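# Fold and contact review
So the chains spell out like this:
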Amino acid sequence: MSSVGFSTGALALGDFRRALRMLVSKHADAVELSALRWTELPALQGALSSLDLDQYSYRAVHAPTDAPNERELVTRLKEIADLGFNVVVHPDTIREFPLWDRLNGKLCIENMDSRKSTGRTAEELGSIFARLPQAKLCFDVAHARQVDPTMTEAVRILLTFADRLAEVHLSEVNSKGKHFAMSLTAKRAYRPLAGFLSRVPVILESPVDEEDIESEIHEARDVLGATEGDPQ
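The text that follows walks through the structure, step by step, so that each part is easy to find. (Residues numbered from 1 in each chain as written. Predicted model: local features only at pLDDT ≥ 70, side-chain atom pairs only at ≥ 80, totals over all residues. Heavy atoms only, no water.)

### Regarding the pairing of strand S6 (residues 136-140)
The test is simple: Type-normalised accessible area, obtained with a 1.4 Å probe on protein chains alone, sets the label of each residue: buried when under 20%, exposed when over 50%, and partly exposed for intermediate values. Runs of E in the DSSP output that reach at least two residues are strands. Runs of H or I that reach at least four are helices, and both are numbered from the N terminus. Orienting the strands away from the viewer, one traces the path from the first strand over the helix to the second; a clockwise path indicates a right-handed crossover.
Extensive coverage of S6 is indicated by the burial of four of its five residues. Crossover strand S5 (residues 107-110) to S6 through helix H6 (residues 122-131) is right-handed.

### Some thoughts on the environment of Gly126
Looking at the element boundaries, Gly126 is found in helix H6. With 32 residues separating them along the chain, Gly126 and Ile94 place their C-alpha atoms 15 Å apart.

### What to know about helix H11 (residues 213-224)
Our working definition: Between the first and last residue of a helix there are one fewer steps than residues, each counted as 1.5 Å, and that sum is the expected span. Arc definition: directions from the helix axis to the C-beta atoms.
Taking 1.5 Å per residue as the helical rise, H11 with its 12 residues ought to reach 16 Å, and the 17 Å between its terminal C-alpha atoms agrees with that figure. Within H11 the residues assigned to the buried category are Ile213, Glu216, Ile217, Ala220, Val223 and Leu224. All buried residues of H11 project into a common sector of 120 degrees when viewed along the axis, lining one side.

### Things to note about the pattern of salt bridges
The test is simple: Salt bridges are defined as contacts in which a side-chain nitrogen from Lys or Arg sits within 4 Å of a carboxyl oxygen from Asp or Glu.
Tallied over the full model, the rule gives 13 salt bridges. The salt bridge partner of Glu210 is Lys26, with a shortest N-O separation of 3.2 Å. Here Lys26 lies in the loop between helix H2 (16-23) and strand S2 (30-34) and Glu210 lies in the loop between strand S10 (202-204) and H11, a separation of 184 residues in the sequence. Looking at Lys26, the relative accessible area reads 16%, which means it is buried. Across the pair Arg156 and Glu153 runs a salt bridge, and its minimum N-O distance is 3.0 Å. With a gap of three residues between them, Arg156 and Glu153 both fall in helix H8 (residues 152-160), about one helical turn apart.

### So, the sheet that holds S6
Put simply, the test is: Any two strands with at least two DSSP bridges between them are considered paired. Geometry is summarised by axes, namely lines fitted to C-alpha atoms with helices restricted to the contacting stretch, and by angles between N-to-C directions that run from 0 to 180 degrees.
Sheet architecture is closed into a barrel: eight strands sit in the order S1-S2-S3-S4-S5-S6-S7-S10, paired in parallel fashion. Across this sheet, the average inter-strand angle for adjacent strands is 25 degrees, counted without regard to direction. Here three bridges tie strand S3 (residues 58-62) to strand S4 (residues 86-89), and the two strands are oriented parallel to one another. Note that in S4 the partner of Val61 across the bridge is Val87.

### What to know about the side chain of Thr121
As a reminder, the rule being used: N or O atoms within 3.5 Å of each other form a polar contact, as long as, within protein, one can give a hydrogen and the other can take it, and as long as residues adjacent in sequence are counted only when both atoms are side-chain atoms. Note on definitions: a residue-residue contact is assigned when non-hydrogen atoms from the two residues lie within 4.5 Å.
Counting through the fold element by element, Thr121 comes out in the loop between S5 and H6. Among the polar contacts listed, one links the side chain of Thr121 to the backbone nitrogen of Glu124, at a separation of 3.1 Å. The residues contacting Thr121, other than those within four sequence positions of it, are Glu153 and Ile157.

### Quick look at the pairing of S3
Counting buried residues in S3 gives four out of five residues, a clear majority hidden from the surface. Judged from the five bridges that link them, S2 and S3 form a sheet pairing that is parallel. What sits directly across from Glu32, in S3, is Ala60. Handedness of the crossover joining S3 and S4 through helix H4 (residues 70-81): right-handed.

### Describing the side chain of Glu124
In this structure, Glu124 sits in helix H6. Note on Glu124: relative accessible area 18%, which makes it buried. Among residues more than four places away in sequence, those in contact with Glu124 are Ser117, Thr118 and Gly119.

### Some remarks on the packing of aromatic side chains
For clarity, the threshold we go by: Ring geometry is summarised as follows: Phe, Tyr and Trp rings, the Trp one being its six-membered ring, pair when their centres sit within 6.5 Å, and such pairs are stacked at plane angles under 30 degrees, edge-to-face over 60 and tilted between the two.
One pass over the structure, following the stated rule, counts one aromatic pair. Each ring, one from Phe129 and one from Phe161, has its centre 5.0 Å from the other, and the planes form 55 degrees; the classification is tilted. With Phe129 in helix H6 and Phe161 in the loop between H8 and strand S7 (165-170), this pair connects stretches of sequence that are 32 residues apart. Both residues of the pair, Phe129 and Phe161, count as buried.

### Re empty space enclosed by the protein
Left-over empty space is what a probe sized like a water molecule reveals as it rolls over the atoms. What counts, and what does not: Each cavity reported here is a set of points on a 1 Å grid over the protein atoms alone in which a 1.4 Å probe fits but cannot get out, each pocket an open set with protein on both sides within 12 Å along at least five of seven lines, and each lining residue one with an atom within 4 Å of a point. Grid points are joined across faces, edges and corners, and a volume is the space filled by probe spheres set on the points. When residues are grouped by polarity, Ala, Val, Leu, Ile, Met, Phe, Trp, Tyr, Cys and Pro land in nonpolar, Asp, Glu, Lys and Arg in charged, and all others, Gly among them, in polar.
For the structure shown, the criterion picks out one cavity of 30 Å³ or more. Approximately 40 Å³ is the volume attributed to the largest cavity. If you trace the largest cavity, you find it lined by Trp100, Asp101, Asn104, Leu107, Leu132, Gln134 and Ala135. Across the lining of the largest cavity, the residue classes tally to four nonpolar, two polar and one charged.

Honestly, that's just the spatial picture; any functional story needs more than this.
Next up, the structure:
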């Protein structure tokens, strides 16, 4: 079974320290430290070397989506990647592709929801990976389901980029891109993909209260253990 944990942004938006306190003693062995806003990144970066992350076998940082200076953003993210963190990036953040080559295999491109103009489908992701050949995939299951509720596009993405898959985001998302805990319907849609999803660390983006963290991890492990096979 893969490592399962939480995005700090889902638990305590903009307050990674509070989110980490919420996760202490929980059965989470993966974490994604979120800095979705540019103003949050310097504090997170400065704290990384002193944070107690021993309980996590997998560690990632989610990059800001609103950086005013792409070159400075990449410089900061390169320093984070050099500490061993994978770096999750929305593809519409990337304009000067050669800059991002510096992150090498630590760069994880996340597939997008229907509000975005790129990164939503296997074809759109393919054009991005063609320009970033060392980049990996952070597969957001909820985004893929929102784009195509039949999950056909999700299967296409997973089959096309199986060798790039490095991390999974698991939750549910509405038409406005708001994440929430998985419903029964979402779990049923995700279970056939378990053979792929369970290969890599899984980060929950469900905005749950502290007392519900363990149950959401349990639900995720139930989904991930649903099948031995891969989608065909």
